[in-house]
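Residue-level structural notes
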Amino acid sequence: MGKIISIVNQKGGVGKTTTAVNLASAIGISGKKVLLVDADPQGNTTSGYGINKKSVKNTTYELLIGESTALNAVIKSEYKNVDVVPSSMNLAAAEVDLIEIENRQNQLKMALATAREQYDYIFIDCPPSLGLVTINALNASDTVLVPIQCEYFALEGLSQLIATVRQVKRLYNPTLEIEGIVLTMYDGRLNLTGQVVGEIKKYFADKLYKTAIPRAVRLSEAPSYGMPIQYYDKRSKGALAYDDLAKEFLKKNRRG
């Protein structure tokens, strides 16, 4: 049965979607079968795999309102072992539409149930908020992966996110755990970076990945070509960093 991992940070611009797109790709290249669920209305994960959002029929929105299962919404990407459940702008209305639905926090969990048999890993790229869509993702997940930018307010956001995870665990999903914390946009030359890393290690040393993702021009270019970094420039420092992160992830999960 596949493991479901939500990639979450309620703060935008921290490398969440970059991590979803490129970690999934690296794990797919390693030989594992991956489903990437785009649960962000902006749909950047969808376009990051070269999928035209206007041409898709079933999306994460249909999953959330009970009109489709994950397997009916799957699009096979051009890239090795990675399938995508796309997003659309309709997802922006999901918060309102879910209020009308009974058992609203379980919609995504039910929609993904059949897909668990088909994949080794299912990653959910969550929206930059802690609303009902993210609650659905957390409720459907086994673990939570948190990308964190090395900046002053990172720890404040992390504590708020951990509180939400604990609340979901208490109310809906007692087995939910933190998969790990990934440092993004890392620049070891900055004093602030060292301070943020020191603080995270103080509280989450056992959860912090050794691999940090650097600031890299090629990483920011790849999405405009609809390609994960490993296919856009496999020798770039961004590609090598996500390859290392995938190896570390698989080692932690003892499936690699």
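Here we summarise the structure given alongside this text. (Residues numbered from 1 in each chain as written. Predicted model: local features only at pLDDT ≥ 70, side-chain atom pairs only at ≥ 80, totals over all residues. Heavy atoms only, no water.)

Let us now look at the sheet that holds strand S3 (residues 75-76). Read from one edge of the open sheet, 7 strands run S3-S4-S2-S5-S1-S6-S7, paired in mixed fashion. The open sheet is flanked by S3 and strand S7 (177-184), the only strands paired with a single partner. Each of strand S1 (3-7), strand S5 (121-125) and S7 is contacted by helix H12 (residues 237-252), which is oriented at about 165 degrees to S7, the strand it contacts most. (Pairing = 2+ DSSP bridges. Helix = DSSP H or I, 4+ residues; strand = E, 2+ residues; numbered from the N terminus. Contact = heavy atoms within 4.5 Å. Axes fitted to C-alpha atoms, helices over the stretch in contact; angles between N-to-C directions.)

What follows deals with a nonpolar patch on the surface. The grouping of Tyr152, Phe153, Leu190 and Leu192 at the surface amounts to a nonpolar patch, some 440 Å² of accessible area in total. Tracing the sequence through the fold places phenylalanine 153 in the loop between strand S6 (143-149) and helix H8 (154-171). (Patch = residues over 30% accessible without salt bridge, like charges linked within 9 Å, V, L, I, M, F, W, Y side chains within 5 Å. Areas by Shrake-Rupley, 256 points an atom, 1.4 Å probe, with all protein chains shown as cover. Salt bridge = Lys/Arg side-chain N within 4 Å of Asp/Glu carboxyl O.)

Orientation of helix H1 (residues 16-29) relative to H12, taken along the N-to-C sense of each, is 70 degrees, at an axis distance of 9 Å. It follows that H1 is roughly perpendicular to H12 by the angle criterion. Crossing handedness for the pair H1 and H12: right-handed. Counted together, Thr18, Thr19, Asn22, Leu23, Ala26 and Ile27 of H1 and Tyr242, Asp243, Leu245, Ala246, Phe249 and Leu250 of H12 form the full contact between these two elements. Residue composition of the contact of H1 with H12, grouped by class: 8 nonpolar, 3 polar and 1 charged. (Parallel < 35°, antiparallel > 145°, perpendicular 65-115°, else oblique. Left-handed = near helix turned anticlockwise from the far one by under 90°. Nonpolar A, V, L, I, M, F, W, Y, C, P; charged D, E, K, R; others polar.)

What the rule picks out here adds up to 9 salt bridges. Put simply, aspartate 125 and lysine 16 hold a salt bridge, and the shortest N to O gap is 2.9 Å. Taken together, the residues span a long stretch of sequence, with aspartate 125 in strand S5 and lysine 16 in helix H1 at a distance of 109 residues. In this structure, aspartate 125 and lysine 16 share a single accessibility class: buried. The residue glutamate 199 makes a salt bridge to lysine 202 at a minimum N-O spacing of 3.0 Å. Here glutamate 199 and its partner lysine 202 are both found in helix H9 (residues 191-204), 3 residues apart, which amounts to about one turn of the helix. Look at lysine 202 and you get exposed, because its relative accessible area is 56%. (Buried < 20%, exposed > 50% of the residue type's maximum accessible area, 1.4 Å probe, protein only.)

What follows covers the environment of valine 34. Note on placement: valine 34 falls in strand S2 (residues 34-38). Linking valine 34 and proline 127, residues 93 residues apart in sequence, is a C-alpha distance of 20 Å. Apart from residues no more than four positions distant in its own chain, valine 34 is found in contact with Ala24, Ile27, Gly28, Asn81, Val82, Asp83, Tyr119, Tyr121 and Phe123.

What follows concerns the packing of aromatic side chains. Counted according to the given criterion, the structure contains 6 aromatic pairs. Geometrically, the ring pair formed by tyrosine 121 and phenylalanine 249 is edge-to-face, given 5.1 Å between the ring centres and 70 degrees between the ring planes. Taken as a pair, tyrosine 121 in strand S5 and phenylalanine 249 in helix H12 lie far apart in primary sequence, 128 residues in all. Exposure class is identical for tyrosine 121 and phenylalanine 249. Each is buried. Taking the centre distance of 5.6 Å and the plane angle of 50 degrees together, the rings of phenylalanine 123 and phenylalanine 249 count as tilted. A residue pair is termed long-range when its members are at least 10 positions apart, and phenylalanine 123 in strand S5 and phenylalanine 249 in helix H12 qualify at 126 residues. Here phenylalanine 249 falls in the buried class, since its relative accessible area comes to 1%. (Phe/Tyr/Trp six-rings, centres within 6.5 Å; stacked < 30°, edge-to-face > 60°.)

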